[in-house]
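# Structure assessment
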Amino acid sequence: MNFRFLPQLATRCCQMALWLLTAVSLLVLSPLAVDAAEVASGQPMRFLLVHGDMGQCRGDDTCPDWISAEGQIMADSPRKLRKLLKQLGNRKLPIVVNSPGGDVKAATEMAYAIRKQKLSIAVGRTRSRLCPYAEPICSAAIAKDGSIKGEPYSAGAVCFSACPLFFTGGIQRVYSPFALMGVHQITTTYSEVRVQYRTEYEVVDGKRKILSKREIGRKFVGKYDTTKLDRAQKARLVGFFGKMGIDKSLVDLMLGTDPNGIHLISQMDALKLKLTTELADAIVLVSARNCGSDQPISDCVAPPPSPAGRSAMVGQ
C-alpha cells in the first residue's frame, strides 16, 4: 500500500477487500428423462387458483378449488405465493405442485408460509380442457382474474431437488405412485468479487482516525460450486426438517446423493421418513372437504352424487 501525506490529512490509501457472495440452490441435473420435469424446468414457478372442472362434479357445480404450483422455484417464488394466499384470505385450499427444484432458501420460506396457513399439498399437475395435451396449462385458459378451470392428475408429475423442502410445509402431504419425488445434495455457489475502497484518515496523537471510506471499484474474480455443507449449514437443514416433523435421516439421503443424480423416494419410504402423511394422490386430496389434520384424507372425500339422487333433485 502506498501512503501519501496531505495537509490536515495523514494519508489516503486504497484497501483491497475480498467479498464472497453466497447463493444456495439445488441444481436440477437428473439423468431421468421425465417429460413433466422438462416442461416445468424451463419456467419460473407460477401459482394459479384452479376451479375444478372434472366430469363427475361439473354438472352440479360441486367441483373443488385448489392452488396449482408449477415450475422452477426462484428467489421471488415466496413473494408470489404469499400474494396469492393474501388474495384467498381465509380459504385453506390444497396445493398441487410439480417442480424440478430450484432455490433452497425460497423453498423453505414457502414451506413455512403454507405451514402457517395449515395448507395441504400433493405432487401432481393441473390440466385445462382448453389447452393442448403438450401444454396442460396455457395462457388461453387463464381467466382475467388469473384463475383457471382444470382437473388434477398425477401421472408424470415430479417434485425433485428443492421441491421436497417446499412439500414438507404441508399439513397433509401425499403423492401418487404415478408421480416421482427425489432429492440430492445441495450445491452452494460462491461468487468471488474483489472490491476496492478508498479510505481517508488522519493521525491524531499517534492514533489513526478514519474520516471517510468509499467504494471505488469492484471486479468479478470467478465462482465455484461445492456440495460440502459446514456444520452450521447442516444444523440449519436438520433443524428445518425437525420443525416440519420430518425424519432427520432425510438429510443423510440428500448428502449421500450426487448432485448430478436423484435419489427417488418410494411411497413407503416417504411414509417412514414422515415426508408424506398417508397413501393418497392429488385427486383425492383436492376432493377432500373440511379435513382435520389428524383425519385420513379418504374419509373427507365427498362421494359423487348418484344418478338416482340427481334425478330426484331434477324432479323436485
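Rules and cut-offs
- Residues numbered from 1 in each chain as written.
- Predicted model: local features only at pLDDT ≥ 70, side-chain atom pairs only at ≥ 80, totals over all residues.
- Heavy atoms only, no water.
- Core = buried A, V, L, I, M, F, W, Y, C linked by side-chain atoms within 4.5 Å.
- Buried < 20%, exposed > 50% of the residue type's maximum accessible area, 1.4 Å probe, protein only.
- Helix = DSSP H or I, 4+ residues; strand = E, 2+ residues; numbered from the N terminus.
- Expected span 1.5 Å × (residues − 1).
- Polar contact = N/O pair within 3.5 Å; in protein donor to acceptor, adjacent residues only side chain to side chain.
- Phe/Tyr/Trp six-rings, centres within 6.5 Å; stacked < 30°, edge-to-face > 60°.
- Lys NZ or Arg CZ within 6 Å of the ring centre and 35° of its normal.
- Axes fitted to C-alpha atoms, helices over the stretch in contact; angles between N-to-C directions.
- Parallel < 35°, antiparallel > 145°, perpendicular 65-115°, else oblique.
- Left-handed = near helix turned anticlockwise from the far one by under 90°.
- Contact = heavy atoms within 4.5 Å.
- Nonpolar A, V, L, I, M, F, W, Y, C, P; charged D, E, K, R; others polar.
- Pairing = 2+ DSSP bridges.
- Right-handed = clockwise from strand over helix to strand, strands pointing away.

## Topic: the nonpolar core
- Counting 46 residues, the largest nonpolar core has F166 and F241 as its most contacted members.
- When residues of this core are assigned to their parent elements, the largest contribution, six residues, is made by helix α4 (residues 104-116).
- Listed in part, the 21 residues of the second largest apolar core include V96, C131, I137 and A141.

## A closer look at α4
- Across its 13 residues, α4 extends 19 Å between first and last C-alpha, which sits within 8% of the 18 Å expected from 1.5 Å per residue.
- Looking at α4, one finds that the buried residues are V104, A106, A107, T108, M110, A111, A113 and I114.
- The residue sitting at the N-terminus of α4 and contributing the capping side-chain oxygen is D103; that oxygen lies 3.0 Å from the backbone nitrogen of K105.
- Residue K118 follows α4 closely and has a positive phi angle near 55°.

## Considering the packing of aromatic side chains
- This structure, assessed with the given rule, holds two aromatic pairs.
- Ring geometry for Y112 and F240: centres 5.5 Å apart, planes at 85°, overall edge-to-face. Of this pair, Y112 sits in helix α4 while F240 is found in helix α6 (residues 231-244), placing the two residues 128 residues apart along the sequence.
- By relative accessible area, which is 38% here, Y112 ends up partly exposed.
- With a relative accessible area of 5%, F240 lands in the buried category.
- On the basis of an interplanar angle of 55° and a centroid distance of 5.6 Å, the ring pair of F240 and F241 is categorised as tilted. Judged on exposure class, the residue F240 and its partner F241 are both buried.
- Taken together, the ring pairs connect Y112, F240 and F241 into an aromatic cluster.
- Stacked on the ring of Y197, the Lys or Arg K213 has its end atom at 4.7 Å from the ring centre.

## Remarks on the packing of helix α3 (residues 77-88) against α4
- Between α3 and α4, the shortest axis-to-axis distance is 8 Å and the interhelical angle comes to 20°. In terms of orientation, α3 lies roughly parallel with respect to α4. Considering how the two elements wind past one another, α3 and α4 form a crossing that is right-handed. Here S77, P78, L81 and R82 of α3 come into contact with α4, specifically with A106, E109, M110 and I114.
- The residue inventory of the contact of α3 with α4, partitioned by class, reads five nonpolar, one polar and two charged.

## So, the sheet that holds strand β10 (residues 180-183)
- The strand order across the open sheet formed by three strands is β8-β10-β13, and the pairing between neighbours is mixed. Strands with a single pairing partner mark the edges of an open sheet, and in this sheet they are β8 (158-160) and β13 (263-264).
- Here β10 pairs with β13 via two bridges, running antiparallel. Paired with G182 across the strands is L264, a residue of β13.

## Re the packing of α4 against α6
- As a packed pair, α4 and α6 sit with axes 11 Å apart at the nearest point and diverge in direction by 20°. Here α6 runs roughly parallel to α4, going by the angle between their axes. Note on packing geometry: the crossing formed by α4 with α6 is left-handed. For the pair α4 and α6, the contacting residues are T108, A111, Y112 and R115 in the first and F240, K243 and M244 in the second.

## What about the pairing of strand β4 (residues 95-98)?
- Residue alternation in β4 divides its side chains into two sets, I95 and V97 and V96 and N98, and both sets are buried.
- The sheet contact formed by strand β3 (residues 65-70) and β4 spans four bridges and is parallel. Across the sheet, residue E70 finds its bridge partner in β4, namely N98.
- Regarding topology, α3 serves as the crossover connection from β3 to the parallel β4, and that connection is right-handed.
- Inspection of the sheet shows β4 paired to strand β5 (residues 121-123) by three bridges, in the parallel sense.

Keep in mind these numbers describe shape, not what the thing actually does.
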